[in-house]
Each structure stands twice: as C-alpha cells, then as structure tokens.
Amino acid sequence: DIVGVDAWEVLDSRGDPTVRVRVDTADGSGTFTVPAGASTGAHEAVERRDGGDRYGGRGVREAVAAVRDELEPVAVGRPVTDQRGVDEALADRDGTADLSRLGANAVLGVSGAVARAAAAATDRPLYESLAPSPGPGSIPLPMINVLSGGLHAAADLPIQDFLIVPTGAETYPEALETAWAVRRAAAKRLGDGEHPPSVADEGGFVPDVADADAAFETLAGAVRDAGFEPARDDVAFAVDVAATHFHDPDRDRYALGDTAVDRGAMIDRVASWVGDYPLVSVEDPLAEDDWEGWARLADRVGDRVQLLGDDLLATNPDRLERAVDGGVANAVLVKPNQAGTITRARRVLERAQAAGWAPVVSARSGETCDSTIADLAVACDAGQIKIGSLARSERLAKYNRLLGIDRSSDGGFAGAAALAP
Ligand code: PGA
Ligand code: ZN
C-alpha cells in the first residue's frame, strides 16, 4: 500500500518550474516529474501555475501544496498496483473534468509516481508493470525532429516540426543511427562551417528559411548527404504543423509568412506536400476546433498519409470518440499531461488501437530526464513515439531508455508497419 506522497518544485528543460512527486510504499518508491507544453491546446487538462512575480508567474508551489494537502490523503492506504483506482480517486478529489481545481500537473505528478512506485514495489521493469496484458510490447518507431520553427524556435518558419521517420530501419538502434546521420548532415548544411547551428526547445535546428517547401528541401538534402533516399520506404518525412498557433480565429485565417490563407488553401497546401515529398505523417494541419476542415482533409489524403491529432484531440477520450465517429483523422498523439492521469492516457491509447487508429506517444517541449513515456509506449505496444531531436539530455533520456528496453526485452521493433493508415 501507499504509505506516503511528497512533492516539490524542480526546473524543466526550459528552466521553468515543474512538479516532481515521490510515492512511497513499504517495498519501494517511485518518482515522476511532470512535463509542460509551449504550443498547448485549449482542450488539454489544465496545468496550474502560481501567477504573481515569482518565476514570472510560472511557479508551481500551489500545485505542490495540492499534492501534499489534498492528494496525499486520497492516495495513502490504497494498493500501489491499483493504478486505475488511485487515478479515479485523484480525479474525483479534484472534481473538475479538466482537473483545473488542483491542477493537472498535481494530479499527473501523483499518477506517474504511483506507476513508478508500483514497478519498484513489484520488482518489475516499468514497461512490464504498466502493460495491460502480459507479453512484451514492441519498441516504437520514432519520429525524430530535425528542423524546428513555430513556438519552439526563434525562426521565421511558422510550422513547428520537420521530422524524419526511419522507415527503412529494421531495428530500433538502426533507426537511431539513421537519425543521427541525417541530423549531422543537416547541421553541416545549416552551420557556417565553424559553428554548429542553434537548437530549439526540442533539440531541432533552427533553419534560416520561412516556408515549408524550403524546409522540406533542406531535409531531403540532409537525407541524401547522409547516404539515404528521401523515400517513404527509406527515410520518410513527418511534419507537425501546429496550425492552431498561427491561426487567427477572428478572421479564420492562417498566417504563413507574409500571406494569410484560408482553410481551403491550407488543405491544398498539405495535399501538395503529400504529393511532392515522402511525407508519411501530418500532425495538426488545421486549427484545433476545425472539425469540418479536418474531415475534408481526411477525405482528400487520409488514405495516403497518417493524419495525427494533437491539439485537436488533446489526449481526451470524448474528443477521440468524436474524431473516430467522424473519421477526421487516423492517429492520435498521446501526451499524459494533456490527459491528467496515466489511466486516461492509456484509455485514449487503447481506444485508438481498438478503432484501428495509430497512437503516437509523445513528449512535451518542456521535459526533464524522466523517461516514463518510453516505458508507456512499449507497455501498450503503441507502435510510435515522438520525443524531439537527438540532442538535449531530456530527449536522450527517453531514447536511451528505449535502447535499454531493447537490450532486455524481446518484443521486437514496431517499424514502418506502425504508421497509419
Ligand atoms: P508542445 O509541443 O509540448 O509545446 O505542445 C509538442 C507538440 O506540439 O507536439
Ligand atoms: Zn503537436
């Protein structure tokens, strides 16, 4: 049983405060640290920040106090292996659907630490104790950030991530080697020959281009320089447009550089990328509440490319249900802190699998060296993971955790077959 819960404030990869929680049992303890987004969606569970002057208002002392004062009494005495029971009790204590009263960062902190404490108490690796059924899950296919724009970088590029998917790799270590070679080639193309280019929040390089086609061409060049083919079956491309963050809701226009385009033009543009590049996954190509636009895009390209909902779905079971019913996408990003508990995140993941959708477990742009999501992806056999670039220790902690799981587990590598459709 859980005997104690403690929480305190630590700093994340942007140097901003976040919540760390430790859960103790007689047989072992678990610690979890909550990540934070920058390009957050309106429909996410709500992260609680103190406001005021301290840390520019971004302190989390109130969330920490909520863990100690309100959530510890709920958790203590419960079996640490009853993740669902604990998570439901935590959410009940908060009492709001979006966990805004105590803060999703307080609730998820406890939920994640319970998962880790359960693994410790039962002396099992986390990817085993989190698994809904026995038997090893596969190591997920990574989509790896190479170029960054949007809210993650001081770039003129409004689009957030240009990523590669090593679809030709037969093992997870080979996928990382491929990504390393492409990233290094990109650094050579973008650097001045003496200094490495600057990196953004997720370790991607900040290109000196403003439009998507130039970024895709840079990516294609880097892939060729590294000795691979930019092709759907060798080194494929993915993009996180994060369109909500350059969409003006009043005028219903997307600000792409000097031009503001409407929904139809955005759809045309995405369709042209799908035709022109070896693009296998498109995330958030339209704003988070444009259900009709998403449906139109899905009709147009949904049979050829993975349409991945992040801000649209916000790891929310109700929004996923609506999206499955409407057929507006075929893949869902799974971010535990958008959901607020491990159980809710797992529910979204499993519902996606049952619907024939592809779940993609994802980090946030603000992270720590906590590697729980790597285990979660293997435990649930998610098939894909999105962590950022091959740089910055908060990213590598997760990539390296997967190398460790690859060494000790025999669930194989999900590979290109994990991609929707
Ligand atoms: P965020 O970015 O963590 O800043 O939201 C990640 C993403 O958009 O996928
Ligand atoms: Zn996203």
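Computed from a predicted model, the values in this text were never measured in an experiment.

Caption draft 1: Region of interest: the site of ligand 1. The environment of ligand 1 is formed by 14 residues, the closest being A38, H152, R364, S365 and K386. The separation between an oxygen atom of ligand 1 and a polar main-chain atom of A38 is 2.7 Å. One of the side-chain nitrogen or oxygen atoms of H152 is found 2.8 Å away from an oxygen atom of ligand 1. In the complex, 99% of the free accessible area of ligand 1, which totals 270 Å², lies under the protein chains. Considering only residue class, the shell around ligand 1 consists of 2 nonpolar, 5 polar and 7 charged.

Caption draft 2: Seen up close, the nonpolar core. Grouped together as the largest cluster of nonpolar side chains are 137 residues, with contacts concentrated most on F162, I164 and W273. When residues in this core are grouped by element, the largest group, 11 residues, is from helix 3 (residues 104-121).

Caption draft 3: Geometry of the sheet that holds strand 4 (residues 141-148). With respect to topology, 8 strands assemble into a closed barrel ordered 4-5-6-10-11-12-13-14, the strand pairing being mixed. Ignoring strand direction, the axes of neighbouring strands in this sheet form an average angle of 25°. Of the pairings in the sheet, the one linking strand 13 (residues 358-362) to strand 14 (residues 384-388) comprises 3 bridges and is parallel in character. Paired with V361 across the bridge in strand 14 is I385.

Caption draft 4: Here's a closer look at the packing of helix 9 (residues 317-326) against helix 11 (residues 342-354). Where helix 9 meets helix 11, the closest approach of the two axes is 10 Å, and the angle between their N-to-C directions is 15°. Considered as vectors, helix 9 and helix 11 are oriented roughly parallel to each other. Read as a crossing pair, helix 9 and helix 11 show a hand that is right-handed. On helix 11, the residues that touch P317, L320, E321 and V324 of helix 9 are V348, R351 and A352. Across the contact of helix 9 with helix 11, the residue classes break down as 5 nonpolar, no polar and 2 charged.

Caption draft 5: Local environment of the UniProt feature "active site" (unreviewed entry) in the protein chain. Mapped onto this structure's residue numbering, the UniProt feature "active site" (unreviewed entry) falls at E202 and K335. Excluding residues within four positions of it along the chain, E202 makes contact with N145, H152, R364, S365, I387, G388, S389, R392 and R395. With respect to the helices and strands, K335 occurs in the loop between strand 12 (331-334) and helix 10 (336-339). When residues no more than four places from it in sequence are discounted, the contact partners of K335 are D310, T315, S362, A363 and R364. Within the structure, the side chain of K335 is placed 2.8 Å from the side chain of D310, a separation counted as a polar contact.

Caption draft 6: The arrangement of the coordination of the zinc ion (ligand 2) in detail. Around the zinc ion (ligand 2), the protein supplies D240 (OD), E283 (OE) and D310 (OD) as donor atoms, at distances of 2.1 to 2.2 Å. Each donor residue of the zinc ion (ligand 2) belongs to the same chain, and together they define the spacing D-x42-E-x26-D. Remark: D310 occurs in the loop between strand 11 (306-309) and helix 9 and D240 occurs in strand 6 (residues 236-240); sequence separation between them is 70 residues. Residue class for D240 comes out buried when judged on its relative accessible area of 1%.

Caption draft 7: Representation of the pattern of salt bridges in the model. With the rule as written, the count across this model stands at 26 salt bridges. Measuring nitrogen to oxygen at the nearest pair gives 3.6 Å for the salt bridge that ties E62 to R48. Placement of the pair is E62 in helix 1 (residues 61-75) and R48 in the loop between strand 3 (28-33) and helix 1, with a sequence separation of 14 residues. A relative accessible area of 38% places E62 in the partly exposed class. Taking the relative accessible area as the measure of exposure, R48 reaches 22% and is therefore partly exposed. Of the charged contacts, one joins D268 and R300 as a salt bridge, the two residues approaching to 2.9 Å between their closest N and O atoms. Highlighted residues: D268 in helix 7 (residues 263-276) and R300 in helix 8 (residues 291-301), separated in sequence by 32 residues.

Caption draft 8: Structural detail: the UniProt feature "domain: Enolase N-terminal" (unreviewed entry) in the protein chain. Under the UniProt annotation, "domain: Enolase N-terminal" (unreviewed entry) lies at residues 2-130. Within the segment residues 2-130, helix and strand shares are 38% and 19% respectively, and the terminal C-alpha atoms sit 17 Å apart.

Caption draft 9: Here's a closer look at the packing of aromatic side chains. Applying the stated criterion across every chain yields a total of 5 aromatic pairs. A centroid spacing of 5.0 Å and a plane angle of 80° characterise the contact between F162 and F216, whose relative ring orientation is edge-to-face. One end of the pair, F162, is in strand 5 (residues 161-165); the other, F216, is in helix 6 (residues 212-225), and 54 residues separate them in sequence. Across this residue pair, the class does not change: F162 and F216 are buried. A centroid spacing of 5.6 Å and a plane angle of 65° characterise the contact between F216 and W273, whose relative ring orientation is edge-to-face. Here F216, found in helix 6, pairs with W273, found in helix 7; they are 57 residues apart in sequence, far enough to count as distant.

Caption draft 10: The environment of A119, seen in detail. Along the polypeptide, A119 turns up in helix 3. The sequence separation of A119 and S29 amounts to 90 residues, and the corresponding C-alpha distance is 8.8 Å. If we ignore the near neighbours within four places in the chain, the residues touching A119 are R124, P125, L126 and S129.

Caption draft 11: Here's a closer look at the pairing of strand 6. Most of strand 6 sits out of view: 5 of its 5 residues are buried. Neither face of strand 6 is open: one carries A236, A238 and D240, the other F237 and V239, and all of them are buried. Here strand 5 pairs with strand 6 via 5 bridges, running antiparallel. When the bridges of strand 6 are listed, L163 appears paired with A238. In this sheet, strand 10 (residues 279-283) lies alongside strand 6 in parallel orientation, the contact comprising 4 bridges. Bridging from a neighbouring strand, D240 pairs with E283 of strand 10.

Parameters and conventions
Along each chain, residues carry numbers from 1 onward, in the same order as the chain's sequence is written. Here every chain gets a letter starting at A, and every ligand a number starting at 1, in the order they are written. For this predicted model, a pLDDT threshold of at least 70 governs which residues receive local features, and a threshold of 80 or more governs which side-chain atom pairs are given and counted, while totals over whole chains, interfaces and linings are taken from all residues. The side-chain quantities take in all heavy atoms of the structure and omit both hydrogens and water. The near set for a molecule or strand comprises every residue that places at least one heavy atom within 4 Å of it. For the purposes of these results, a polar contact is taken to be a pair of N or O atoms within 3.5 Å, where, inside protein, one atom must be able to donate a hydrogen and its partner to accept one; residues adjacent in sequence count only when each atom of the pair is a side-chain atom. Here the open area of atoms and residues is found with the Shrake-Rupley method and a 1.4 Å probe, where only the protein chains shown may cover a residue. Under the grouping applied here, Gly and all other residues not named as nonpolar or charged are polar, the nonpolar ones being Ala, Val, Leu, Ile, Met, Phe, Trp, Tyr, Cys and Pro and the charged ones Asp, Glu, Lys and Arg. Residues grouped as a nonpolar core are buried Ala, Val, Leu, Ile, Met, Phe, Trp, Tyr and Cys residues, joined through side-chain atoms within 4.5 Å. Each residue gets one of three labels from its accessible area relative to the maximum for its type: buried under 20%, exposed over 50%, partly exposed in between, using a 1.4 Å probe on protein chains only. Helix and strand definitions follow DSSP, with helices as H or I runs of at least four residues and strands as E runs of at least two, each counted in order from the N terminus. The criterion for strand pairing is that DSSP finds at least two bridges linking the strands in question. Orientation is described by axes fitted as lines to C-alpha atoms, over the contacting stretch for helices, and by angles from 0 to 180 degrees between their N-to-C directions. The cut-offs work like this: below 35 degrees is roughly parallel, past 145 is roughly antiparallel, 65 to 115 is roughly perpendicular, and the gaps in between are oblique. Here a crossing is taken to be left-handed if its near helix is turned anticlockwise relative to the far helix by less than a right angle, and right-handed if that turn runs clockwise. Any two residues whose heavy atoms approach within 4.5 Å are treated as being in contact. UniProt positions are given in the numbering used here, feature names are shortened, and annotations may be inferred rather than shown by experiment. Each metal site is built from N, O and S donor atoms within 2.8 Å (3.2 Å for Na, K and Ca), and since water is not included, such sites may look incomplete. What makes a salt bridge here is a side-chain nitrogen of Lys or Arg within 4 Å of a carboxyl oxygen of Asp or Glu, nothing more. Between rings of Phe, Tyr and Trp, where Trp is taken as its six-membered ring, a pair exists when centres lie within 6.5 Å; planes separated by under 30 degrees are stacked, by over 60 edge-to-face, and by other angles tilted.

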